[in-house]
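# Observations on the three-dimensional arrangement
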Amino acid sequence: MSWHTRPIEAVYEELDTAEAGLETETAERRRGEVGPNEITGDHGRSPLWIFLAQFSSALIWVLIVAAALSVAIGHVIDAVLIAVILLLNGVFGFVQEYRAERSLDALRELATPVVTVRRDGTERDIDATALVPGDVVLLEQGDVVPADARLLKADSLEVDEAALTGESVPVEKQTGQIDAETPLAERENMVYKGTNVTRGRGVAVVVATGMATEVGEIATALSTADDPRTPLQRDLDRLGRRLGVGVVALSALVVGVLLVGGRGLAQAGLTAVSLAVAAVPEGLPAVVTLTLALGVRRMADENALVRTLPAVEALGAVDVVCTDKTGTLTEGEMRVQRAWIHDRVVPLGAGAEESRSTPDDDRLDLLYRIGAVCNDATADTGDPTERALVTAATDYGLDIESSREAQPRRDELSFSAERKRMATIHDDVVYVKGAPEVVLERSTRVLGPDGPVELDAETRSDIRTRVEDFGADALRVLGFAYKERTDDGGPEENLVFVGLQGLLDPPRREVPEAIADTHRAGIDVKMITGDNAVTARAIASQVGIESDVLTGQEVEAMDDATLRERVEEIDVFARAEPTHKVRILEALQANGAAVAMTGDGVNDAPALKNADVGIAMGVRGTDVAKQASDIVLLDDNYASIRAAIKRGRAIFDNIWKFVTYLLSANAAEVAIVFIASLFGYLVLPAVQLLWINLLTDGLPALALGTDPGGDVMDREPRSAATGIIDTEMIGFVTGAGLTATVLLLALMFHTLDGASSVTPYTMTMVFTGLVVFEFVKLYVVRWTKGTPLLTNPWLAVAVVASLTLQLAVLYTPLSESFGTVPLGADDWMLLGLVLLIGAPLLVVTGWLVRRHAAREHERAKASHGADSGRVE
């Protein structure tokens, strides 16, 4: 509805309200009709949905089919083991993601505002969720606008609408009607839910609440968008599908061969089930989930709240980070960096004591005093620029409260976009601050070391040069002046120019190092900001991003093909709006990049939703942005992104290690069962295969998830197109699987000694040989990825525990359930000989894989260096 176009009387009539507000009874009735004033999507996913989502991958469904097949042929124990593993996987994933959602709820509760409203003709404070259309609310500096509302009064009211429109400069508000065609960002007589009052006061009548607000409409649109799948999700789904097809094909082949060979349907069915169980790494989903969950916990300690487990791995795979400037690369607070008095530049923090001992003391004192007294802010609330002036005066040594009490304000001439200045009138003096050229134009004298002197043309030129110098360093410059009330002319004429203050939102101290680490990791960092090109270039240079600047207007003028070319060479985007973020993201993804995108505003949500990894700001981010994201930064700091990338890469390495480890084990199992079946032997029944998978897929594989990260930030990003199943993994799985298959089949035929069917002794030897062979291979896999052998004590504990469990199967009554017999000393010596032959072969396989990986990393680094040239 076009509320901005109507007369106030028509608004009152439509909403059945008045300037005095609603009656409590009416408000309660309306709340029952329209519901609470909240964004329903802010409550995230339901617990049931989170739990069911843990069973959505293709690999999980392969395991479910295997369990059903086991039940069908009467092997209930096998089915129960698979079901237990699946359930544990679902519970672990659910607990971690549910915790993340509850953490977001806690953040939202802390952010729930209280609003002053007129009801029953009186003013009272209520929770913002209780607002209804027709309520009259009172707004003042520091408030969060609680709902969409039409302004009734506006006294120097300015609202920061960056969260909704992307406009970085606060908007000056006014009452009255405006044209129907006026775009949202220019509707000066409206205020919108989730924006912030930075100056002045206002009274407004609520026209929309909850999902009917502009924020709510965006949230509704987001709820229908699909989350892009991460590389790990795609890889595991692809693996599950391939395993499913492979199991069916291989089982059908074996059944056919055995039936033709006259082995009977029963043995053919048992062999097919064994092959199915051997082919599927039952513990893989659980181990992946637990490793990701471990990473989530560590990342939370590093100020990154992960909302979905796969986002951990996905962040470690990105090759481009698109980051906001304000609050992420910078401190998010304007600060005075430099001051100028007459012909002297004074850096902030030059020292109050030193300044007070110089003849310039009075001028500095007056410069900071004007900034603090001609000001509506405090150190904690108000316009960011005015807060910076208060902080500068406090740092200099002024007592702000005492200064304001000593010179009470009798009147004021408010700042406006047209005036570009503010004046406060006191008993005996007028203080003025504003744009330097405006203040300078109204000044006839300048405050020199010995008092006011005539402002001649040379001094005016010097001041303008100084303003340009400050501006070249990306400082926002303000001029300051005063006049005695006894002087002639109006309150803003014949001023005495006192000096300048240059302000900047400075970079965080830790960010340059974090940017350098990210670049070293082969990741491009692109800064996207709403600030002007000069400021953007200066800040980018200070944090280590050297690039030409592309403005949002230039982005709009480009077609998609041109933009795709330009985004490869440009790392700084200025005067950018949320819609430009989406185009930049789409161009990068069209070029094959895996992109992490930061954002905090409502209109950032589409970019966050469609990025490979969406990263919302936890401190200043809106609820809609957090809901659209994969990760929420609890400190809004880019350094936390660097830490999360490092953690993600380390997690990917660990996942690679145990996926390689598990698949090589399953490859050997499948090959042994298949080849033995061709000779008419069922050497490993399903229950033994499940036990092997439980031992190897369980504690040892999980312990791999605690391996340290190593030199992960010294590598180029892995290709998302390659996925986790890369040439190194295929090489190791092939080599290790072949080694185990040959040696254990040789062991089988040796122990059979010509028997026509497999004996329990032969089963036990091959069964135990596979288990101990896997534990040797465990350490070789770690060495292959460059992990020092003795850096993970939990792995040694896991191996000892698993071997103990294997011994229990051999030497306790459990042996009856598994069809095993106790082994003697000679048998263990024979197994030791098999390992003595196999271990060097495994090491050679690992060395070849390491050598290949090193060559690929060098090739990738050289390619990235050739592609990363910048147009200076």
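Residues numbered from 1 in each chain as written. Predicted model: local features only at pLDDT ≥ 70, side-chain atom pairs only at ≥ 80, totals over all residues. Heavy atoms only, no water.

### Details of the overall build of the protein
Looking only at helices and strands, the protein features 32 helices and 24 strands. Taking all 872 residues of the protein together, the buried fraction comes to 54%. A fraction of 73% describes how many contacts in the protein between residues 6 or more apart in sequence connect residues 24 or more apart. In the form shown here, the protein has an accessible surface area of approximately 35,700 Å², with 56% of it arising from carbon and sulfur atoms. (Helix = DSSP H or I, 4+ residues; strand = E, 2+ residues; numbered from the N terminus. Buried < 20%, exposed > 50% of the residue type's maximum accessible area, 1.4 Å probe, protein only. Contact = heavy atoms within 4.5 Å. Areas by Shrake-Rupley, 256 points an atom, 1.4 Å probe, with all protein chains shown as cover.)

### Some thoughts on the confidence of the model for the protein
On average, the protein scores 84 in pLDDT, and the residues at 70 or more come to 87%. Looking across the protein, the model is least confident in helix α12 (residues 352–356), with a mean pLDDT of 39, and most confident in strand β14 (residues 429–434), with 97. (pLDDT = per-residue confidence, 0-100.)

### Focus on unusual backbone geometry
The phi dihedral of Asp16 is positive, around 55°, even though this residue is not glycine. Mapped onto the elements, Asp16 comes out in the loop between α1 (8–15) and α2 (24–34). Phi is positive for Asn494, which is not a glycine, with a value near 55°. When you line up the elements, Asn494 lands in the loop between β17 (476–484) and β18 (495–504).

### Some points on the side chain of Ser802
Of note, Ser802 is situated in helix α30 (residues 793–811). The class for Ser802 is buried, based on a relative accessible area of 1%. When residues no more than four places from it in sequence are discounted, the contact partners of Ser802 are Leu695, Leu699, Pro700 and Phe775.

### Here's the deal with the sheet that holds strand β20 (residues 549–551)
Read across the open sheet, the 8 strands follow the order β8-β24-β23-β22-β9-β19-β21-β20; overall the sheet is mixed. At either margin of the open sheet sits one strand with a lone partner, and together these are β8 (304–306) and β20. Averaged over neighbouring strand pairs, the angle between their axes works out to 20° when direction is ignored. Against the sheet, helix α19 (residues 533–543) touches β19 (524–528), β20 and β21 (572–574), its axis set at about 150° to β21. Strands β8, β9 (320–323), β19, β22 (595–599), β23 (613–617) and β24 (631–633) of the sheet are contacted by helix α25 (residues 638–678), whose axis makes an angle of about 160° with β9. (Pairing = 2+ DSSP bridges. Axes fitted to C-alpha atoms, helices over the stretch in contact; angles between N-to-C directions.)

### Things to note about the nonpolar core
Counting 133 residues, the largest nonpolar core has Leu315, Ile615, Ile631, Tyr638, Phe658 and Leu684 as its most contacted members. Top element by residues in this core is α25. It accounts for 20 residues. For Ile615, the residues in contact, after removing those within four places along its chain, are Leu315, Ala596, Met597, Thr598, Gly599, Leu608, Ser629, Ile631, Leu633 and Ile641. (Core = buried A, V, L, I, M, F, W, Y, C linked by side-chain atoms within 4.5 Å.)

### What to know about the side chain of Thr762
Secondary-structure assignment places Thr762 in helix α29 (residues 760–784). Engagement of the side chain of Thr762 in a polar contact is seen with the side chain of Thr751, the distance being 3.2 Å. Among the polar contacts made by the side chain of Thr762, one reaches the side chain of Thr759 at a distance of 3.1 Å. What Thr762 contacts, discounting residues up to four positions off in sequence, is Met748, Thr751 and Leu752. (Polar contact = N/O pair within 3.5 Å; in protein donor to acceptor, adjacent residues only side chain to side chain.)

### Quick word on the packing of α25 against α29
As a packed pair, α25 and α29 sit with axes 10 Å apart at the nearest point and diverge in direction by 145°. The handedness of the crossing between α25 and α29 comes out as right-handed. Residues Trp656, Lys657, Tyr661, Ser664, Ala665, Ala668, Glu669 and Ile672 of α25 form the contact with α29, whose participating residues are Leu770, Glu774, Phe775, Lys777, Leu778, Val781, Arg782 and Thr784. (Left-handed = near helix turned anticlockwise from the far one by under 90°.)

### Remarks on the packing of helix α28 (residues 727–752) against α29
Where α28 meets α29, the axes come as close as 10 Å, and the angle between the chain directions of the two elements is 155°. The pairing of α28 with α29 is recorded here as roughly antiparallel in orientation. As α28 packs across α29, the resulting crossing turns out to be right-handed. Here Phe732, Ala736, Thr739, Ala740, Leu743, Leu744, Leu747, Met748, Thr751 and Leu752 of α28 lie close against α29, whose contacting residues are Tyr761, Thr762, Met765, Val766, Gly769, Leu770, Phe773, Lys777, Val780, Val781 and Thr784. The residue makeup of the contact of α28 with α29, split by class, is 15 nonpolar, 5 polar and 1 charged. (Parallel < 35°, antiparallel > 145°, perpendicular 65-115°, else oblique. Nonpolar A, V, L, I, M, F, W, Y, C, P; charged D, E, K, R; others polar.)

### A few points about the pattern of salt bridges
Under the counting rule described, the total for this entry stands at 37 salt bridges. The salt bridge partner of Glu774 is Lys777, with a shortest N-O separation of 2.7 Å. In this pair, Glu774 and Lys777 both sit in helix α29, 3 residues apart, roughly one turn of the helix. Residues Glu774 and Lys777 agree in their burial class; the two are buried. (Salt bridge = Lys/Arg side-chain N within 4 Å of Asp/Glu carboxyl O.)

### With respect to the pairing of strand β13 (residues 421–425)
The buried fraction of β13 is high, at 5 of 5 residues. Here β13 shows no split at all, with Arg421, Ala423 and Ile425 on one side and Met422 and Thr424 on the other all buried. Bridge analysis of β13 against β14 gives 5 bridges, and the strand direction is antiparallel. Paired with Arg421 across the strands is Gly434, a residue of β14. Here β13 folds back onto β14, and the loop between the two strands holds 3 residues.

### Notes on α25
Turn by turn, an α-helix covers 3.6 residues, leaving residues three or four places apart pointing in a common direction. With 41 residues, α25 extends 59 Å from end C-alpha to end C-alpha; this agrees with the ideal 60 Å at 1.5 Å per step. Gly680 occupies a position one or two residues after α25 and carries a positive phi of about 90°. (Expected span 1.5 Å × (residues − 1).)

### Observations concerning the packing of aromatic side chains
On inspection of all chains with the given rule, the structure shows 4 aromatic pairs. Measuring from centroid to centroid gives 5.4 Å for Phe679 and Phe749, while their planes differ by 80°, and the two rings are edge-to-face. Note that Phe679 is positioned in the loop between α25 and α26 (686–697) and Phe749 in helix α28, a separation of 70 residues in sequence. Since its relative accessible area comes to 48%, Phe679 is described here as partly exposed. Accessibility expressed as a relative area gives 36% for Phe749, which makes it partly exposed. (Phe/Tyr/Trp six-rings, centres within 6.5 Å; stacked < 30°, edge-to-face > 60°.)

### Observations concerning the environment of Ala154
Within the element layout of this structure, Ala154 appears in strand β4 (residues 148–160). In this structure Ala154 comes out as partly exposed when scored by relative accessible area, which is 31%. Taking the C-alpha atoms as reference points, Ala154 and Glu140, separated by 14 residues in sequence, lie 9.8 Å from one another. With sequence-adjacent residues up to four places away left out, Ala154 is seen in contact with Lys173, Gln174, Thr175, Arg201 and Gly202.

### A look at α1
Of the positions making up α1, those classed as buried are Ile8, Val11, Tyr12 and Leu15. Projected onto a plane normal to the axis of α1, the buried residues spread over an arc of 100° and lie on a single side. Those residues of α1 that are exposed and aimed more than 90 degrees away from the buried face are Glu9 and Glu13. Elements that come into contact with the buried residues of α1 comprise α2, β4 and β7 (196–208). At the exit of α1 stands Asp16, carrying a positive phi of roughly 55°. (Arc of directions from axis to C-beta.)

### Some words on the pairing of β7
When you tally the buried positions in β7, you get 11 out of 13 residues, the bulk of the element. Note: strand β3 (residues 136–140) against β7, 5 bridges, orientation antiparallel. When the bridges of β7 are listed, Val137 appears paired with Ala204. Two elements, β4 and β7, share 10 bridges in a ladder whose sense is antiparallel. Considered in β7, the bridge of Lys153 is made with Val203.

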